[in-house]
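Structure assessment
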Amino acid sequence: MLHLGQSLRRWFTTATQKVISQPINKILIANRGEIACRVVRTARRLGVQTVAVYSDADANSLHVQVADEAYHIGPPPSQQSYLRADKIIQVAKSAKCQAIHPGYGFLSESVEFSDMCQREGIIFMGPPASAIRDMGIKSTSKAIMAAAGVPIINGYHGEDQSDEKLIAEAQKIGFPLMIKAVRGGGGKGMRIAEKEEDFLTQLNSARTESEKAFGDSSMLLERYVRSPRHVEVQIFADQYGDAVYLFERDCSVQRRHQKIIEEAPAPGLSEQLRRELGEAAVRAAKAVGYVGAGTVEFILDKEDLSFHFMEMNTRLQVEHPITEMITGTDLVEWQIRIASGERLPVTQEQIIRRGHAFEARIYAENPRGGFLPGAGPLEHLSTPSPNECVRVETGVRQGDEVSVHYDPMIAKLVVWGENRTQALDSLIARLRDYHITGLDTNVNFLLDLANHPYFRAADVHTGFIPQHFDTLFPPVVVSESRLIQAAVAVVVNELNAALANGVASRGAFNQFNDANNFRLNHVAIRELKFKANDKVNTVQVTSSDGQLKVRVNEGEWRNVQWKNLQDAERFSLRCTIDGVFGNFSAVISPEEVSIFTDSGKTDIQLIPPKFLSIAGDGGAAGGQTVTSPMPGVLDKVFVKPGDRVKSGDPLAVIIAMKMEHMLKAPKDAVVKSVGGQPGQNMAKGAVIVAFESEETKEEE
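Quantities reported herein were computed from a predicted structural model and do not represent experimental measurements.

It is worth spelling out the overall build of the protein chain at this point. Counting secondary structure elements, the protein chain contains 19 helices and 43 strands. With 700 residues in all, the protein chain has 54% of them scored as buried. Across the protein chain, the fraction of contacts at a sequence separation of at least 24, relative to all contacts at a separation of at least 6, is 62%. Total accessible area on the protein chain stands at roughly 30,200 Å², and carbon and sulfur atoms take up 48% of it.

Here is the structure:
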């Protein structure tokens, strides 16, 4: 355990050591995707050249295209590319870079990488290795924080990691309790044990995930606060011993212990509490001789607003743009200037907070499927228009692939308003403008979340999603109006294509008026079939008296008028059904129609005519298989053909987007076959384990 005197001596030594002062005109970005593009943008404005690195999977990625230079560093798995410190250092030296910006994730909090940069004479654009080491080990960080007068939460942070010791300490703390990886971050290696009988199962699961993510299975235990808020403070320190805080962010609404939406400043705090949080964060930074951008995370009790140190992220955070929006700063510019030896550009008193900002993380994932991460092509991608109050932070374009090998984040949507209500309304409007097809995303969920009355009232905590699960995930029902819109979109899209090609329509329509109206043959009826609401729906389209007539499932004919809307990026229509009009956009593929309205995206399966259908093999019979719920890597297989398993027994582990997912037996059965070997890439829906049929079991 460190005492206050030791911490002060460490700070004095760091503050008085030789300051690195060297102009930086070329930096290597040891990262990929959105953050690499973000660093390039500021570096280019400052006249600093940038060097990107990329794996095989990222050869055509946006960050490779926007950097001044780019170097290949290995195969797709991050352990063979973005985590290869030796390769990255070699590239930095070859490209004559003075500094390396680590971004976040990967090597950004690696003590070894920081030390290696120093040995090679390359500036690491982050804190000293000693600060990363102290803050990266949660048990050490809590001891330092306690000595510096920063409140910490009750728990066990000791070195004895035996099951017996951890069980005994857990019993002392009481249940529920939090199990955390000592070197953890990003929700990895984190589990909650609700009761004592769950403890060992959750402990072993956290150990396994931590070992894979961080190469260390050491755990710490903490009292679990039932309704905590996650509030973090952005700090910045220079090499001369000065440090400031740039106010706080609220990151309470999370899924899988990972942030999904953040806002700044945290709502509902008094100015005194904001100051106490900021000053505690600065004490934390100075206690470890911090330099550069960092974030001190606190658990804030929702009831009494007491706060306790949780951890310090010794890097730039994913959600840093909302801090920039409310303070008018560019934190990447600060990183470059501080790393080159400049002093902080402002004092604490000069940092002014203005307005409110939100960041929504747009992920390739399935919220209704437990937020399972996904992967696949961005077949259609159109985004809100950026301006001084709206930022779209991304590293992908239409046609790019979200890779199974990396984090599934597609983009960060950042908005600013004069106050929280204005900013939230802007967020909702911009989410409606985010149109993606080709893979599952969380955009609809973010819309429902942002519109939720409790979220609008800022009544947030880390258990928000489980508490409001039923209202956040109401049953999905495709209305008759949506089916009509889908049918009109298909028909009008065909008409537009025919007009664009100068071809007279044959069959379904045979008369055209203009690009905004047409008449179908009075006798012809166009019939479309859509699968929605767990059934096949028939939609018929014809014309009468110069307007469309549409009916669904042999119901009443509805009068429909339509008009093409002028939108360069989207196929958008105004559709009036029995006098009620609404605007929508559509993306049409051979298999699906996606309708985008103010309430979000509705995907409707389009069933091709029989003469276009291709007969399939019917798939696996009788639900006798366990399949991969997402694209991933088969990490472990616990069974072999002939094994008898009981319902709930573990069968295999899939690793996707750095997360471990256990596949379990759905029933008592006999294993017939295993569909892959450890280390093999598995597509979504690939058969992992097949069982013997019931008939075969009976014959035995």
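Another point: the confidence of the model for the protein chain. Looking at the protein chain as a whole, its pLDDT mean stands at 88, while 90% of the residues score no less than 70. With pLDDT under 50 throughout, residues 611-622 is counted as low confidence; its partners more than four residues away or in other chains account for two contacts.

For any pair of aromatic rings, geometry is given as the distance between the ring centres together with the angle between the planes. Going through the model one piece at a time under the given rule, you end up with 14 aromatic pairs. Arranged with centres 5.9 Å apart and planes meeting at 90 degrees, the rings of Tyr245 and Phe247 form a pair that is edge-to-face. Across the pair, exposure class does not vary: Tyr245 and Phe247 are buried alike. Through successive ring pairs, a cluster of aromatic residues spans Phe371, Phe445, Phe469 and Phe473. The ring centre of Tyr363 lies 4.4 Å from the NZ or CZ of Arg255, which sits over that ring. Here Arg353 stacks its cationic end above the ring of Phe247, 5.3 Å away from the centre of that ring.

Spatial strand order, β3-β2-β1-β4-β5: five strands in an open sheet with parallel pairing. This sheet does not close on itself; its edge strands, each paired only once, are β3 (69-74) and β5 (123-124). Pairing of strand β4 (residues 99-101) with β5, which is carried by two bridges, proceeds in the parallel orientation. Looking at β5, one finds that Ala99 is bridged to Ile123.

Time to look at the sheet that holds strand β33 (residues 580-588). The sheet built from eight strands closes into a barrel, its strands ordered β28-β29-β30-β31-β32-β33-β34-β35 with antiparallel pairing. Put simply, the sheet's adjacent strands are angled 35 degrees from each other on average, direction ignored. Sheet topology note: the strand β29 (residues 535-544)/strand β30 (residues 547-552) ladder contains six bridges and is antiparallel. When the sheet's bridge partners are listed, Ser544 is paired in β30 with Gln547.

Attention shifts here to the nonpolar core. By size, the foremost hydrophobic cluster in this structure holds 70 residues, and its most contacted members are Ile27, Ile235, Phe236 and Phe298. For this core, the element with the highest residue contribution is helix α10 (residues 271-287), accounting for eight residues. One finds Val253, Leu413, Phe445 and Phe473 within the second-largest nonpolar core, a separate group that totals 38 residues.

The next thing to look at is the packing of helix α2 (residues 33-46) against helix α12 (residues 331-339). Interaxial distance between α2 and α12 falls to 9 Å at its minimum, and their mutual angle equals 65 degrees. For the element pair α2 and α12, the recorded crossing hand is right-handed. Here Arg38, Val39, Thr42, Ala43, Arg45 and Leu46 of α2 come into contact with α12, specifically with Leu331, Val332, Glu333, Ile336 and Arg337. Split into classes, the residues belonging to the contact of α2 with α12 amount to six nonpolar, one polar and four charged.

Turning to empty space enclosed by the protein, a few remarks are in order. If you roll a probe as big as a water molecule over the atoms, it shows you where there is empty space left. Evaluated as defined, the whole model comprises two cavities of 30 Å³ or more. Each pocket or cavity is described by its volume, and for the second largest cavity that value is around 40 Å³. Residue lining of the second largest cavity: Asp250, Cys251, Ser252, Val253, Ile261, Glu262, Glu263, Phe455 and Val460, and that is the complete set. The element best represented in the lining of the second largest cavity is strand β14 (residues 261-264), accounting for three residues. Its residues placed into classes, the lining of the second largest cavity shows five nonpolar, one polar and three charged.

Take the layout of surface pockets next. For the second largest pocket, the calculated volume is near 890 Å³. Lining the second largest pocket are 36 residues, with Arg368, Asn444, Val476, Lys601 and Thr602 positioned closest to its centre. Elements represented by at least two residues in the lining of the second largest pocket include exactly β18 (365-366), α13 (420-432), β25 (435-437), α14 (443-451), β34 (592-597) and β35 (600-607). Ranked by residues supplied to the lining of the second largest pocket, first place goes to α14 with six residues. A breakdown of the residues in the lining of the second largest pocket according to their chemical character gives 16 nonpolar, eleven polar and nine charged.

Cis geometry marks the peptide bond from Phe175 to Pro176, where omega comes out at 0 degrees. Position of Pro176 among the secondary structure elements: in the loop between α8 (163-173) and β7 (177-185). Of note, the amide linkage connecting Ala264 to Pro265 takes the cis form, showing an omega dihedral of -5 degrees. Its location among the elements puts Pro265 in the loop between β14 and α10.

This next bit is on the environment of Glu222. Within the fold, Glu222 resides in strand β9 (residues 219-223). Taking the relative accessible area as the measure of exposure, Glu222 reaches 2% and is therefore buried. Sequence separation between Glu222 and Glu169 is 53 residues; the distance between their C-alpha atoms is 9.7 Å. Not counting the four nearest positions on each side in its chain, Glu222 is found in contact with Lys142, Ile153, Asn154, Gly155, His157, Ile173, Leu177, Met178 and Lys180.

Counting buried positions along β29 gives seven out of ten residues, so the element sits mostly inside the fold. Note: strand β28 (residues 526-532) against β29, seven bridges, orientation antiparallel. If you follow Phe530 over to β29, its bridge partner there is Asn537.

What follows covers the side chain of Arg558. Mapped onto the elements, Arg558 comes out in strand β31 (residues 558-565). Judged by relative accessible area, which is 18%, Arg558 ranks as buried. In this structure the side chain of Arg558 is engaged in a polar contact, spanning 2.5 Å, whose partner is the side chain of Glu480. Beyond its immediate stretch of four places on either side in the chain, Arg558 contacts Glu480, Ile484, Leu548, Lys549, Val550, Ile577 and Asp578.

Looking now at the pattern of salt bridges. Inspection of the entire model under this criterion finds 53 salt bridges. Across the pair Arg133 and Asp115 runs a salt bridge, and its minimum N-O distance is 3.6 Å. With Arg133 in helix α6 (residues 129-136) and Asp115 in helix α5 (residues 111-119), this pair connects stretches of sequence that are 18 residues apart. With relative accessibility at 25%, the residue Asp115 sits in the partly exposed group. A salt bridge links Asp425 to Arg456; its shortest N-O distance comes to 2.9 Å. Of this pair, Asp425 sits in helix α13 while Arg456 sits in helix α15 (residues 453-456), and the two are 31 residues apart along the sequence. Classification of Asp425 by relative accessible area gives partly exposed; the value is 38%. When salt bridges with common partners are traced through the structure, they connect Arg38, Arg41, Arg45, Glu324, Asp330, Glu333, Arg337, Glu342, Arg391 and Glu393 into a single cluster.

What follows covers α8. Residues of α8 that are buried include every one of Leu166, Glu169, Ala170 and Ile173, and no others. Taken down its axis, α8 places every buried residue within 105 degrees of arc, on the same side. Along α8, the residues that are exposed and aim more than 90 degrees away from the buried face are Glu164 and Lys172. Once α8 finishes, Gly174 follows within two positions and takes phi at roughly 95 degrees, a positive value.

Cut-offs and rules
- Residues numbered from 1 in each chain as written.
- Predicted model: local features only at pLDDT ≥ 70, side-chain atom pairs only at ≥ 80, totals over all residues.
- Heavy atoms only, no water.
- Helix = DSSP H or I, 4+ residues; strand = E, 2+ residues; numbered from the N terminus.
- Buried < 20%, exposed > 50% of the residue type's maximum accessible area, 1.4 Å probe, protein only.
- Contact = heavy atoms within 4.5 Å.
- Areas by Shrake-Rupley, 256 points an atom, 1.4 Å probe, with all protein chains shown as cover.
- pLDDT = per-residue confidence, 0-100.
- Phe/Tyr/Trp six-rings, centres within 6.5 Å; stacked < 30°, edge-to-face > 60°.
- Lys NZ or Arg CZ within 6 Å of the ring centre and 35° of its normal.
- Pairing = 2+ DSSP bridges.
- Axes fitted to C-alpha atoms, helices over the stretch in contact; angles between N-to-C directions.
- Core = buried A, V, L, I, M, F, W, Y, C linked by side-chain atoms within 4.5 Å.
- Left-handed = near helix turned anticlockwise from the far one by under 90°.
- Nonpolar A, V, L, I, M, F, W, Y, C, P; charged D, E, K, R; others polar.
- 1 Å grid on protein atoms, 1.4 Å probe; cavity = no way out; pocket = protein on both sides within 12 Å on 5 of 7 lines; lining within 4 Å.
- Points joined across faces, edges and corners; volume = space filled by probe spheres on them.
- Polar contact = N/O pair within 3.5 Å; in protein donor to acceptor, adjacent residues only side chain to side chain.
- Salt bridge = Lys/Arg side-chain N within 4 Å of Asp/Glu carboxyl O.
- Arc of directions from axis to C-beta.

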